[in-house]
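Fold and geometry: a report
Here are the chains, one letter per residue:
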Amino acid sequence: MQKDKAINSYLHLHLIVFIWGFTAVLGKLISLEALPLVWYRMTFATVFILLFVVFKKTSLTLPTKTIITFLFAGLIIALHWLTFFKAIKESNISVTLACLSTGAFFTSLLEPIFYKRKIIAYEVFFGLIVIIGLYIIFKVQGNYFYGIVLALSSAFLSALFSVINGKFAVKYNPTVISFYEILGGVLCLSVFMLCTQSFSASFFQLSANDLLWLLVLSSVCTAYAFIASVGVMKYLSPYTVMLTINLEPIYGIILALIVFNDKEKMSAQFYIGALIILSTVILNGILKNRKK
């Protein structure tokens with residue numbers, strides 16, 4: 001019985017990672033600029049998660065200081081998504097996802113700071129290999145320089161968010177954390193957009209196509225994927241989850257090639273650089289598991 005649940009959870013996890021890979025494709029399909037795209041994504045996702053909270057009768061009561069901390073963390077995830085979608089608009093899906101794979105390298109730099117642990121020698125070595133992979137991508141895709149910088153910024157923000165969230169996850173309900181963090185992102189973006197007078201009548205006039213993809217992005221790729229990912233972790237080891245999640249860029253690049261065809265075809269050197277980065281991330285995970 002337990003074995004069946006583990007197998008089902010593993011297959012479910014691959015579906016979730018496949019869905020996350022589709023997020024980049026949706027970012028390209030939606031005609032909105034990055035800022036309104038992220039605002040709508042987080043606003044709709046907040047509503048969907050709130051409906052789930054009501055359905056499950058989950059309490060949202062937390063100390064005020066904790067809620068403020070979660071709201072601030074929401075700003076980090078909002079900036080991560082903002083730079084992520086902006087990178088896709090400025091370059092393409094393949095370049096963005098390849099650079100986003102450097103998140104594991106940034107995490108290895110941030111963890112010693114946040115968790116007061118020693119720097120691990122092989123992580124530094126892997127970091128140098130990742131830089132080689134990035135150099136190859138920069139060299140062959142120099143015309144996407146701004147997009148690459150945005151994607152690397154997104155990877156750093158993702159790593160920062162993950163390290164901070166790691167401290168929260170052991171103490172609080174993940175659904176409650178997600179609700180306040182995404183709400184925090186909405187509030188921060190709304191304040192910025194009010195100050196810059198970004199809200200207008202045209203801002204709220206969405207095409208049927210954009211509205212459809214936004215609903216898919218916020219419900220399936222955000223609210224559902226998050227809640228489901230928490231569920232499968234009950235039956236799978238963190239190592240299995242981590243390695244499977246590292247397949248997201250691969251799924252995303254394959255989906256981009258299927259959907260956009262020639263627009264996403266890259267040079268052989270690009271795929272060599274991307275493969276170097278992805279292989280390093282996976283090898284890092286394998287060594288971490290053996291060390292434990």
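Up top you'll find the structure we're talking about.
This report concerns the structure included in the present document. (Residues numbered from 1 in each chain as written. Predicted model: local features only at pLDDT ≥ 70, side-chain atom pairs only at ≥ 80, totals over all residues. Heavy atoms only, no water.)

Turning next to the packing of helix 3 (residues 64-90) against helix 4 (residues 93-100). Their axes nearest at 8 Å, the elements helix 3 and helix 4 cross at an angle of 140°. With respect to their mutual orientation, helix 3 and helix 4 come out oblique. Contacts between helix 3 and helix 4 pair His 80, Phe 84, Ala 87 and Ile 88 from the former with Ile 93, Thr 96, Leu 97 and Leu 100 from the latter. For the contact of helix 3 with helix 4, the class distribution of residues is six nonpolar, two polar and no charged. (Axes fitted to C-alpha atoms, helices over the stretch in contact; angles between N-to-C directions. Helix = DSSP H or I, 4+ residues; strand = E, 2+ residues; numbered from the N terminus. Parallel < 35°, antiparallel > 145°, perpendicular 65-115°, else oblique. Contact = heavy atoms within 4.5 Å. Nonpolar A, V, L, I, M, F, W, Y, C, P; charged D, E, K, R; others polar.)

Turning our attention to the nonpolar core. Counting 74 residues, the largest nonpolar core has Met 42, Phe 85 and Ile 93 as its most contacted members. By residue number, the principal contributor to this core is helix 7 (residues 145-169), which donates 12 residues. Dropping the residues within four chain positions of it, Phe 85 is found in contact with Thr 23, Gly 27, Ala 34, Leu 37, Val 38, Arg 41 and Leu 217. Ile 16, Trp 20, Ala 225 and Val 232 belong to the second largest nonpolar core, which has seven residues in total. (Core = buried A, V, L, I, M, F, W, Y, C linked by side-chain atoms within 4.5 Å. Buried < 20%, exposed > 50% of the residue type's maximum accessible area, 1.4 Å probe, protein only.)

Right, let's get into helix 2 (residues 34-56). Over its 23 residues, helix 2 runs 32 Å from end to end, which matches the ideal 33 Å to within 8%, given 1.5 Å per residue. Taken from the residues just after helix 2, Lys 57 is the one with a positive phi, measuring 55°. (Expected span 1.5 Å × (residues − 1).)

Below, the discussion takes up the environment of Ala 24. Within the secondary structure, Ala 24 sits in helix 1 (residues 2-29). For Ala 24, a relative accessible area of 1% corresponds to the buried category. With 141 residues separating them in the primary sequence, Ala 24 and Asn 165 have C-alpha atoms 23 Å apart. If we skip the residues at most four places from it in the chain, Ala 24 touches Phe 84, Ile 88, Ile 93 and Leu 97.

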